[in-house]
Amino acid sequence: MTAQPPPGEGLSLADVVAALEAERADATAQVRELERVVAGVVEASRDSNADDEHDPEGATIAFERAQAIAVRDRQLARLREVDAALDRVADGAFGRCERCGCEIAPGRLLARPTSTTCVTCAALR
Ligand SMILES: [Zn+2]
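If you're wondering where the values come from, they're calculated on a predicted model, not measured in any experiment.

K.L.:
Any details on the overall build of the chain? Residues and values, ideally.
P.N.:
Scanning the chain for helices and strands turns up four helices and zero strands. Ordered by position from N to C terminus, the α and β elements of the chain give α-α-α-α. Considering only residue pairs separated by 6 or more positions, the chain has 60% of its internal contacts joining residues 24 or more positions apart. Only carbon and sulfur atoms are counted for the fraction: they give 54% of the accessible area of the chain, which is about 7900 Å².

Printed below as a string of structure tokens:
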């Protein structure tokens, strides 16, 4: 059982949690929207009976679908980062660099609440 690290100067844990919750809501909404795009494009592709290799329209549909899937996957990764950050808040590890254990600068956490490393360690990666 570790004590909650005192929030740094100008950093309120409640604000961070609010920012994380907002980010999670945004990412969730985008994933839902992209799932619809992916599903819709799949439907269109089936209707047009397109051959991806020879029909230019089929290739475009396949490309758009691949794009939507790529963006959705990025949003899903963002969701996992946000959830991991909320977990760190819950267990008191939030705000500590997972590499060197030092405190992550409050400014960095405010700008990017999902940060898991301090600026120094991030630069080393
Ligand atoms: Zn570090």
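K.L.:
Hey, could you go over the nonpolar core for me, with residue numbers and the actual values?
P.N.:
Among the nonpolar cores identified, the biggest contains 13 residues, and Val 16, Leu 20, Phe 94, Cys 97, Ile 104, Leu 109 and Cys 118 are the most heavily contacted of them. Mapped onto this core, the elements with two or more residues apiece are α1 (13-48) and α2 (56-91). Sorting elements by how many residues they give to this core places α2 first, with four residues. Of the residues that make up this core, three or more belong to each of domain 1 (13-94) and domain 2 (95-125).

K.L.:
Residue-level account of the coordination of the zinc ion, with values.
P.N.:
The coordination sphere of the zinc ion contains the protein donors Cys 97 (SG), Cys 100 (SG), Cys 118 (SG) and Cys 121 (SG), at a distance range of 2.3 Å. Considering all four donor atoms around the zinc ion, the spread of angles at the metal, 103 to 117 degrees, places the coordination shape in the tetrahedral class. Each donor residue of the zinc ion lies on the same chain, and together they follow the pattern C-x2-C-x17-C-x2-C. One end of the pair, Cys 97, is in the loop between α2 and α3 (106-111); the other, Cys 121, is in helix α4 (residues 119-124), and 24 residues separate them in sequence. As far as the burial class goes, Cys 97 and Cys 121 line up, both buried.

K.L.:
Describe the side chain of Arg 88, and please don't skip the residues or the numbers.
P.N.:
Along the chain, the position of Arg 88 falls in helix α2. The charged side chain of Arg 88 is buried without a salt bridge, its nearest counter-charge being Glu 98 at 5.4 Å. Ignoring any residue separated from it by four or fewer positions in sequence, one finds Arg 88 in contact with Ala 93, Phe 94, Pro 113, Thr 114, Ser 115 and Thr 116.

K.L.:
Requested: an account of the confidence of the model for the chain, with residues and values cited.
P.N.:
Per-residue confidence for the chain gives a mean pLDDT of 84, with 79% of residues at or over 70. Mean pLDDT values over the elements of the chain span from 85, in α1, up to 94, in α4.

K.L.:
Could you give me a rundown of the pattern of salt bridges, with the residues and numbers involved?
P.N.:
Scanning all chains against the criterion turns up seven salt bridges. The closest approach of N and O atoms between Asp 73 and Arg 72, which form a salt bridge, is 3.3 Å. Residue classification places Asp 73 among the partly exposed residues on the basis of a relative accessible area of 37%. Among the residues examined, Arg 72 registers a relative accessible area of 17% and is labelled buried.

K.L.:
So what's going on with the state of the cysteines? Which residues, and what values?
P.N.:
The tally for this structure, following the rule as stated, stands at zero disulfides. Cys 102 carries a free sulfur, and the closest cysteine sulfur to it, the one in Cys 100, is 3.2 Å from it.

Cut-off values and rules
Residues numbered from 1 in each chain as written. Predicted model: local features only at pLDDT ≥ 70, side-chain atom pairs only at ≥ 80, totals over all residues. Heavy atoms only, no water. Helix = DSSP H or I, 4+ residues; strand = E, 2+ residues; numbered from the N terminus. Contact = heavy atoms within 4.5 Å. Areas by Shrake-Rupley, 256 points an atom, 1.4 Å probe, with all protein chains shown as cover. Core = buried A, V, L, I, M, F, W, Y, C linked by side-chain atoms within 4.5 Å. Buried < 20%, exposed > 50% of the residue type's maximum accessible area, 1.4 Å probe, protein only. Domains from an automatic or database assignment. Donors = N, O, S within 2.8 Å, 3.2 Å for Na, K, Ca; no water. Tetrahedral: all angles 85-135°; square planar, octahedral: opposite > 155°, others 65-115°. Lys, Arg positive; Asp, Glu negative; His and termini not counted. Salt bridge = Lys/Arg side-chain N within 4 Å of Asp/Glu carboxyl O. pLDDT = per-residue confidence, 0-100. Disulfide = S-S within 2.5 Å.

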